[in-house]
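Now for the letters of each chain:
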Amino acid sequence: MLKKKEKYVVAVVGATGAVGNEMIKTLQQRKFPIAKLRLFASERSEGKVMEFGDTGVSVEKLSETAFQGIDIALFSAGAERSKTWAPVAARSGCIVVDNSSQWRMDPDIPLVVPEVNPHDLRWHKGIIANPNCSTIQMVVVLKPIHDAAKIKRVVVTTFQAVSGTGQKAMDELLQQTTDLLSFKEVKCNVYPYQIAFNILPHIDKFLENGYTKEEMKMVNETKKILGDNSIRLTATTVRVPVFRCHSESLNIETEKKLVPNEVRAILSGAPGVKVYDAPEKNVYPIPIDVAGSDETYVGRIREDESIENGINMWIVADNLRKGAALNAVQIAEKLIEMS
Ligand SMILES: NC(=O)c1ccc[n+]([C@@H]2O[C@H](COP(=O)([O-])OP(=O)(O)OC[C@H]3O[C@@H](n4cnc5c(N)ncnc54)[C@H](OP(=O)(O)O)[C@@H]3O)[C@@H](O)[C@H]2O)c1
């Protein structure tokens, strides 16, 4: 457990990346009690100075002794780095909140969304996993519905922003868009096909069962976070030419019948959720409005008229905030609260 202190030494590993940058911003915005901030990235970034409030913090490279004296480390430098360095950090007495996929399905490591399963923080052994971005926003919405009416099955289709792939993908979308509008040839480095003015039904690697890893992450992580293996879930994950915010179409079948107004009432009182649903006034969540927000926005709530107990909805959240940096910082805040 975290030792109670007035202020903590906090590290961000992967500080120069899309998520790392957002973590630094989120720590500052939420006035996290920081005694000292340490920033880590690859050797390429060593010595680079990054802003934190009105001070500059130099980026360091990782080493066996780097984590000594650090209380909490927020990792977002990819699974390989987490595999190597998270145990090193934990051995140094530091609590790791890891954004990569490395530890998520490890039965000895809790996978936590603070609004959904904060109790799982009690059994961590030094490493806590942050779920996949598309899973986080979905479970924040599923949890209160599951509590009210027991979910039997979910069919989800995602529309995911390029920032989910990192900074290089954001640069690629911008470059391809500029090139296309200038009648230049388009180059594809990050994705197998052009992403500008296109959509790709392909996120992460394809598996033997025909699904992608991202799709199976949504299936498996949801069960672990909700602590219920009986929920059936099937996913199709799609990359769209949007910079920020993942959108998801959810079809939810419940044991007990819920009508749309009941769902609106349940979700209006749910932590981390904002109901934004007035179709008669064209009010529904869209990525450009939700970017930079902390909540998962829900709209288009309506009955699935093809089954007995079904609800359809459209949810949007900022993948870099709730899908990554904010969730990690909220976990760290909960650890302090529980210490
Ligand atoms: N983007 C999202 O929405 C999202 C959501 C949830 C989880 N995640 C996860 O978060 C992680 C980072 O994602 P991102 O989108 O921020 O990627 P990114 O923009 O590509 O950033 C990667 C970061 O990792 C650092 N890094 C690379 N190699 C390293 C090494 N050998 N040693 C130390 N640091 C190294 C990079 O440092 P340099 O700048 O020095 O190369 C950079 O700071 C990934 O595991 C990803 O799966 C991302």
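Model, not experiment: these values are computed from the prediction.

Draft legend 1. Main features of the sheet that holds strand S5 (residues 72-75). The seven strands are arranged S3-S4-S2-S1-S5-S6-S7 in an open sheet whose pairing can be described as mixed. Only two strands of the sheet have a single neighbouring strand rather than two, namely strand S3 (49-52) and strand S7 (127-129). Taking the axes of each pair of neighbouring strands and ignoring which way they run, one obtains an average angle of 25 degrees across the sheet. Sheet topology places strand S2 (residues 34-41) next to strand S4 (residues 55-61); three bridges connect them, and they run parallel. Residue pairing in the sheet places Ala41 in a bridge with Lys61 of S4. Running at roughly 30 degrees to S3, helix H1 (residues 18-29) makes contact with strand S1 (8-13), S2, S3 and S5 of the sheet. Packed onto the sheet, helix H2 (residues 79-91) meets S5, strand S6 (95-98) and S7 and runs at close to 175 degrees relative to S5.

Draft legend 2. Spotlight on the packing of helix H3 (residues 133-149) against helix H5 (residues 213-226). At a minimum axis distance of 10 Å, the contact between H3 and H5 shows a crossing angle of 40 degrees. When the axis of H3 is compared with that of H5, the two are oblique. The element H3 and its partner H5 pack so that their crossing is right-handed. The residues of H5 that touch H3, namely those facing Ser134, Thr135, Met138, Val139, Leu142 and Lys143, are Glu214, Lys217, Met218, Glu221, Thr222, Ile225 and Leu226. Per-class residue counts for the contact of H3 with H5 are six nonpolar, three polar and four charged.

Draft legend 3. Seen up close, the site of the ligand. Residues in close proximity to the ligand total 26 residues, the closest being Thr16, Ser42, Arg44, Ser45 and Ser163. Within the side chain of Ser42, a nitrogen or oxygen atom sits 2.6 Å from an oxygen atom of the ligand. For the ligand, whose free accessible area comes to 900 Å², the fraction covered by protein is 79%. Within the shell around the ligand, the residues separate by chemical class into nine nonpolar, 15 polar and two charged.

Criteria and thresholds
- Residues numbered from 1 in each chain as written.
- Predicted model: local features only at pLDDT ≥ 70, side-chain atom pairs only at ≥ 80, totals over all residues.
- Heavy atoms only, no water.
- Pairing = 2+ DSSP bridges.
- Helix = DSSP H or I, 4+ residues; strand = E, 2+ residues; numbered from the N terminus.
- Axes fitted to C-alpha atoms, helices over the stretch in contact; angles between N-to-C directions.
- Contact = heavy atoms within 4.5 Å.
- Parallel < 35°, antiparallel > 145°, perpendicular 65-115°, else oblique.
- Left-handed = near helix turned anticlockwise from the far one by under 90°.
- Nonpolar A, V, L, I, M, F, W, Y, C, P; charged D, E, K, R; others polar.
- Near = heavy atom within 4 Å.
- Polar contact = N/O pair within 3.5 Å; in protein donor to acceptor, adjacent residues only side chain to side chain.
- Areas by Shrake-Rupley, 256 points an atom, 1.4 Å probe, with all protein chains shown as cover.

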